[in-house]
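Residue-level listing of the chains:
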Amino acid sequence: PMTATVAYSSLSAAGQPVDISGYVTDPLHDTVARFSSMQGLGKFSFDAYNPRKYTAHIHWGNREVLYPLPALDQSASQLTVVSRDDRMLKLQVSLGDSLYNKHKTTRILGISRDSLCFAALGTDMYQVNVPVANLPIGRVTFFLFNDQGRLVSQRSVFIGSSDSGRIVAATDKADYSPGDKVNL
């Protein structure tokens, strides 16, 4: 099986968030996942088997809508933040069954604002440790590129600081006369 994770946004015709709930069934009509949204956003995961087809049963008000989920991509790659603490991020590259042990090389690039702050190269499924101290404060997005240079997955993290939010101001001298320019 492959773990399928589905993230969704539910909006009214006017574009306003709508809370929904529901469940996912397999071809045998067994329920494999349940879901509900908050402020129109939600996420669920389930163990999916190829070539089975899955259907989402969406409850909205007093209506039920059936939505067939897309087929699994056995050639997919995924970048995941497996763990994180104050010192280290652990990233994992996972491959679909058709790519597993095919000696496929992928690249991870970490970008913050307009700068490259991390790069890694790996083969097949692998994990990479990223020291947090080497990353800039703010949002860092990690991009996963396949062996053909195509973007296949991305994850963003926020790197904080123990002194973030604190502003320190200092002048160039201790005393000023009336009318003096102040360098701050």
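Residues numbered from 1 in each chain as written. Predicted model: local features only at pLDDT ≥ 70, side-chain atom pairs only at ≥ 80, totals over all residues. Heavy atoms only, no water.

Q: Give me the environment of L41: which residues, what numbers.
A: Tracing the sequence through the fold places L41 in strand β4 (residues 41–48). Given a relative accessible area of 54%, L41 falls into the exposed group. As a C-alpha pair, L41 and I20 span 21 residues in sequence and 8.9 Å in three-dimensional space. Residues in contact with L41, not counting those within four places in the same chain, are Y8, S9 and S36. (Helix = DSSP H or I, 4+ residues; strand = E, 2+ residues; numbered from the N terminus. Buried < 20%, exposed > 50% of the residue type's maximum accessible area, 1.4 Å probe, protein only. Contact = heavy atoms within 4.5 Å.)

Q: I'd love a proper account of the side chain of D26, names of residues and values included.
A: With respect to the helices, strands and loops of the structure, D26 is situated in the loop between β2 (21–25) and β3 (31–36). Within the local environment of D26, its side chain forms a polar contact with the backbone nitrogen of D30, the two atoms lying 2.9 Å apart. In this structure D26 touches V32, R52, K53 and Y54, once residues within four positions along its chain are discounted. (Polar contact = N/O pair within 3.5 Å; in protein donor to acceptor, adjacent residues only side chain to side chain.)

Q: How would you summarise the environment of K90 if you had to cite specific residues and measurements?
A: One can find K90 in strand β8 (residues 88–95). For the pair K90 and R107, spaced 17 residues apart in sequence, the C-alpha separation works out to 15 Å. Sequence-distant contacts of K90, defined by excluding residues within four places in its chain, comprise T80, V81, V82, S83, Q127, V128 and N129.

Q: Requested: an account of the nonpolar core, with residues and values cited.
A: The biggest cluster of nonpolar side chains holds 18 residues, and the ones touching the most others in it are I108, V130 and F142. Elements represented by at least two residues in this core include exactly β8, β10 (115–123), β11 (126–131), β12 (138–145) and β13 (151–159). For this core, the element with the highest residue contribution is β8, accounting for four residues. In this view, I108 contacts L79, L91, V93, F118, A119, A120, Y126, V128, F142, F143 and L144; residues no more than four positions away in its chain are not counted. A4, V24, A33 and Y54 belong to the second largest nonpolar core, which has 16 residues in total. (Core = buried A, V, L, I, M, F, W, Y, C linked by side-chain atoms within 4.5 Å.)

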